[in-house]
Structures are given as C-alpha cells and as structure tokens.
Amino acid sequence: MKKITVLSGGMGGARFLQGLLHGIANGTVPGLDADAHVTVIANTADDIWVHGMKVCPDLDTVMYTLGDGIDTDRGWGRRAETWHVKEELAAYGVEPTWFGLGDRDIATHLVRTQMLDAGYPLSQVTAALCDRWNPGVTLLPMTDDRVETHVAIADEESPSGRRVVHFQEYWVRLRAAVPAEMVVVVGLDESSPGPGVIDAITDADLVVLPPSNPVVSVGTILGVPRVREALQSTPAPVVGLSPIVGGTHVRGMAEQMLTSIGVEVSAAGVARHYGSRTAGGVLDGWLIDSRDHDAVEEIRAAGIACDAVPLMMTDHDATAAMAAAAVALARNAR
Ligand code: FO1
C-alpha cells in the first residue's frame, strides 16, 4: 500500500499520525511501502474567529505536531511559548480571555488571516503554512468553506432555557462540564469538499479513521457533502480505531458528544454509529482495545471486521503497532 488517507481531528489524530509516519520510516508497518505517502483530511469545524484572526485548531495541531513545533504537554499550540499578547489583551479587558493564544501561535493566525483576506482559500493557506513546517504529509482542510461547531447548553436565564456557545467555549471555558444538549455544525450542509479531498478518498489504497472524536472531528468530516459517498464507493478498505476504551474516552470530550447525539459510549456503539460499508455505513474494519475484547463478536455480527489490540498511544512504537494492526485488519476485511 502506498497511498494512505487519514481523516483526522486534533490531538488524537495527530498522535496517531506521528506513530504511523514513525512506523513507515522504520518499516514496522507490514503492508505499507517504505515510500508510502499519507494524506490527512483535517476537521475544520473547531475553527474560531477570535481577536480578528482565524484560528484552525485541528489543522494547526496536525501541522505543529508533525512539524515538531507542538507543545507536547498541552497537545496544542507552540512549544517554548510566551503569552504577552494574551496578557495585554486581558489588561485591556478584551474577551475572550479564556482562549489561550500564545505569541508564537499568533503569527500563524496572522499569516492565515492575511492570506484569507487576500482571497486565498484555506487549502492554499494551509499548503503555504506547511511549506514552513514540512509535516511530511499532505494536509487538506475538509472544506474551504466556513464551518463551525456550536453547542446548545442549558441556561435557565434564557426564555428558551438554552444558550448556544461556540465549540471552543464549550470545550475550553466550560471544560465540557455541562451536558451538550444539541450539537449544530453551522455551514456544514452547504459546504463543499476541499480541493483534493474526494480524490484522496477514492484514490487511496487505505483509508483510516483514527481515534479522533467521532462527533465533532471525524463526524464533521463525514458530514461534508459527498465525503460519505466517497467512503462508501472507494475501492480502498476503510478501517477505524476506537476512541472509546473501557466505556470512556481517553482524552477530550467524546463521551459528552456521543451522549448528546444518543450514541452508546462504547467501542461497539461507535462502530455501529459509523456503520458497516455493507449496510450503508463507512467501515470495513474496526480496531478496539484489548480491554473491550468482549465486543469483538458483536461488532463482527454488524458486518465490520474487528480485532482487539492495545490502543494506548503511549509512544510512537505503540502507535505504529496500532497502525500495523489496522493494516492487517484492512487486508483481511476486503
Ligand atoms: N485548548 C485548551 O484547553 N485551552 C486553550 O486555551 C486552547 C487554546 C487553543 C489555541 C489555539 C489552538 O489551535 C488550540 C487551542 N486549544 C486550547 C485546543 C483546542 O481547543 C483543541 O485543539 C480542539 O479544538 C479540540 O479538540
């Protein structure tokens, strides 16, 4: 296999990609050619306009992580960061003070915003930023159109009993600590796949859904018109890795998001949510963690090939082993 396409969100997807590239470079992923190339279709519904700048968290997390500029403790933003602009904005009482924009990170958002203002589409802006960061993959926004995830939360002060916040406020300021009563991805139905996105799926030798959030990361990519159809028609096997281990997410807020759309918070629940390609869904195979091995038969009965392997991305070799298990599953699934 030479052409691998990965549908990625932020941190979980970026860590998976690190291990995948590590495995390709070291030849520890049987079935992937030494010169295999990875194309990443990244979620852009986390994007937010803040202080007049367009911030693209999932694109930047993949770009910084694979370009070795990421702050590994936070999992987002730049290493060796300073926060003077953020402090100065707070001193002026300018909101939002809850969204952490580091000084180095702001340069990325200024370049992106200037290029967007000059009329360049997000895909070309992303390619230009990657000229500096050299992530070692082709990084494609899922769409060049503006798409934003918003979350409805309870608010007894409002007549409707609800208030809508941007996803970033739900996650960063509220820490996903209140139920997401509704998740609305503004602009998604009207969006078009970005340049190269459909081809990256239909021309692939393998398509991978990494352990990103099935609702607000992979789910939004699947919601871009024509993407789901491309996954259903591609000759490539489509294999996913469960972000739910032992009944909860490893990081992030997948549990809250799955609950808000009524999907069981389990490895099998997410597999059923994505669905088997033989039944109108998008999956040929689904990797679950060893702790959830009891669910293997149930998932196979849903028409999805399934193996239970360790899914903790503790280091690049562990992640490369996950990628190897995904390739093995893909080869058996077809
Ligand atoms: N996450 C936080 O928990 N706190 C922040 O202040 C924060 C700021 C931020 C700025 C730029 C960026 O690219 C990402 C940032 N994130 C922050 C992470 C972001 O919320 C997540 O990467 C995704 O949007 C959710 O997976």
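Now for a description of the structure that goes with this document. (Residues numbered from 1 in each chain as written. Predicted model: local features only at pLDDT ≥ 70, side-chain atom pairs only at ≥ 80, totals over all residues. Heavy atoms only, no water.)

**Details of the site of the ligand**
Near the ligand lie 15 residues; those nearest to it are D46, G100, Q168, W171 and R175. D46 is positioned with one of its side-chain polar atoms (N or O) 2.9 Å from an oxygen atom of the ligand. Within the complex, the protein chains bury 91% of what would otherwise be the 530 Å² of accessible surface of the ligand. Among the secondary structure elements, those contributing two or more residues to the shell around the ligand are α2 (57-66) and α6 (167-173). The dominant element in the shell around the ligand, judged by the number of residues it contributes, is α6, at four residues. By residue class, the composition of the shell around the ligand is nine nonpolar, two polar and four charged. Viewed by domain, the shell around the ligand spans two of them, domain 2 (50-60 + 67-136) and domain 3 (148-186), each represented by three or more residues. (Near = heavy atom within 4 Å. Polar contact = N/O pair within 3.5 Å; in protein donor to acceptor, adjacent residues only side chain to side chain. Areas by Shrake-Rupley, 256 points an atom, 1.4 Å probe, with all protein chains shown as cover. Helix = DSSP H or I, 4+ residues; strand = E, 2+ residues; numbered from the N terminus. Nonpolar A, V, L, I, M, F, W, Y, C, P; charged D, E, K, R; others polar. Domains from an automatic or database assignment.)

**A short note on the pattern of salt bridges**
What the rule picks out here adds up to 16 salt bridges. A salt bridge links D33 to K2; the nearest nitrogen and oxygen atoms lie 3.2 Å apart. With D33 in the loop between α1 (11-26) and β2 (37-42) and K2 in the segment before β1 (3-8), this pair connects stretches of sequence that are 31 residues apart. Overall, D33 belongs to the partly exposed group, its relative accessible area being 26%. Between E264 and R272 there is a salt bridge, with the nearest N and O atoms lying 3.4 Å from each other. (Salt bridge = Lys/Arg side-chain N within 4 Å of Asp/Glu carboxyl O. Buried < 20%, exposed > 50% of the residue type's maximum accessible area, 1.4 Å probe, protein only.)

**Concerning the environment of V111**
For V111, the position within the fold is in helix α4 (residues 103-117). Between the C-alpha atom of V111 and that of R79, which follows or precedes it by 32 residues, the distance is 19 Å.

**Some remarks on the pairing of strand β6 (residues 148-154)**
In terms of burial, β6 is largely enclosed, as six of its seven residues are buried. Pairing of β6 with strand β8 (residues 182-186), which is carried by five bridges, proceeds in the antiparallel orientation. Opposite E148, over in β8, you have V186 as the bridge partner. (Pairing = 2+ DSSP bridges.)

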